[in-house]
Amino acid sequence: MTSSTSLVAISAIVLLVMVPMQITNAQLTPSFYSHTCPDLFPAVQKVVQSAIDKEARMGASLLRLFFHDCFVNGCDGSILLDDTPTFTGEKTAKPNKGSVRGFEVIDQIKTAVEEVCPGVVSCADILAITARDSVVTLGGPNWDVLLGRRDSKTASLSAANNDIPPPTSSLSALMTSFKNHGLSTTDLVALAGGHTIGQARCTNFRAHIYNDNNIDASFAQTRRSNCPSASGSGDNNLAPLDRQTPTHFDNKYYNNLIDMKGLLHSDQQLYSGGPTNSLVSTYNANPGQFSKDFVTGMINMGNIQPLTGLSGEIRKNCRRTN
């Protein structure tokens, strides 16, 4: 082999090595599907709109799916995987079982997307777009969703149990959890504002309304009427996370905290004399700042350890690997 031939061969090998590396390290971008699936956004939005029209609460549930996915080994669609006889996913984890919902809507969205561009869009990206569309449909801010994620081939029950902060979390635990996921305290307080929509089960706020002191007495009494003190009694009874406008995305959640009427212990921790008080006050007084920081928080959260390039796969069915 001549020296020139050897140089060509070496260059070819280098290129073969470099291409996968470049793909694997690809950055998320809002234009990722511009050419491969130009009808993606209308296909998703139509199903989201229909689901929320049928049940306004579904918007909050779809937003929550994205949060619970990203906090477990990154935004990889792992939360959508069903258990099988040989595989245990994340749906039965304590923070998810009997609580996380909306999987049927994701199935409908995936079907709609597959009709316009089969085998192109990941379930992980569908979750990201669906979260944005849910917020917008309920009156919240819009933003360009960064895309290019791929789907995991596995899930982690233990990570779901350990990494999703429970509603009993202290402020320090919340701040640590978000920091461990690369998110700031500002991200924490802004993303908590997602609780301006949706409802929570009695089992998740019982201890707060019966045992905590940092809660308005009349508010606690009102919530006790639908949430008996005995564990196991009325566990699934629901109450709105935002007592004022639970089906409209706004900044009223922060007003609830200032009035000591946060439904969850973890909510009220954000306004209990700690370092997050000032942010709560800012978002209560300035809805525009809240919207801006919420969007930044959503983008930052969507960047948690995404699978890109040749990692993972594009699932044909969001409930199972290919």
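Our structure is the block above this text.
Residues numbered from 1 in each chain as written. Predicted model: local features only at pLDDT ≥ 70, side-chain atom pairs only at ≥ 80, totals over all residues. Heavy atoms only, no water.

To continue, consider the environment of Ile129. Mapping Ile129 onto the fold places it in helix H5 (residues 123-137). For the pair Ile129 and Gln45, spaced 84 residues apart in sequence, the C-alpha to C-alpha distance is 8.5 Å. With near-sequence residues (within four places) excluded, Ile129 lies in contact with Leu40, Phe41, Val44, Val145 and Leu147. (Helix = DSSP H or I, 4+ residues; strand = E, 2+ residues; numbered from the N terminus. Contact = heavy atoms within 4.5 Å.)

One pass over the full model with this rule turns up four disulfides. Across the disulfide from Cys70 sits Cys75; the S-S distance is 2.0 Å. Taking the sign of the S-S torsion, about 120 degrees here, the bridge from Cys70 to Cys75 comes out right-handed. No difference in accessibility class separates Cys70 from Cys75, as the two residues are buried. When the bonded cysteines of the chain are numbered from the N-terminus onward, they pair as 1-4, 2-3, 5-8, 6-7. (Disulfide = S-S within 2.5 Å. Buried < 20%, exposed > 50% of the residue type's maximum accessible area, 1.4 Å probe, protein only.)

With that settled, the discussion passes to the environment of His181. You can see His181 is positioned in the loop between helix H7 (171-180) and helix H8 (185-192). In this structure His181 comes out as buried when scored by relative accessible area, which is 16%. Along the primary structure His181 and Asn303 are separated by 122 residues, whereas in three dimensions their C-alpha atoms are 9.8 Å apart. Discounting residues that sit within four places of it in the chain, His181 has contacts with Cys70, Phe71, Asp163 and Ile304.

This is a description of form; function is not addressed.
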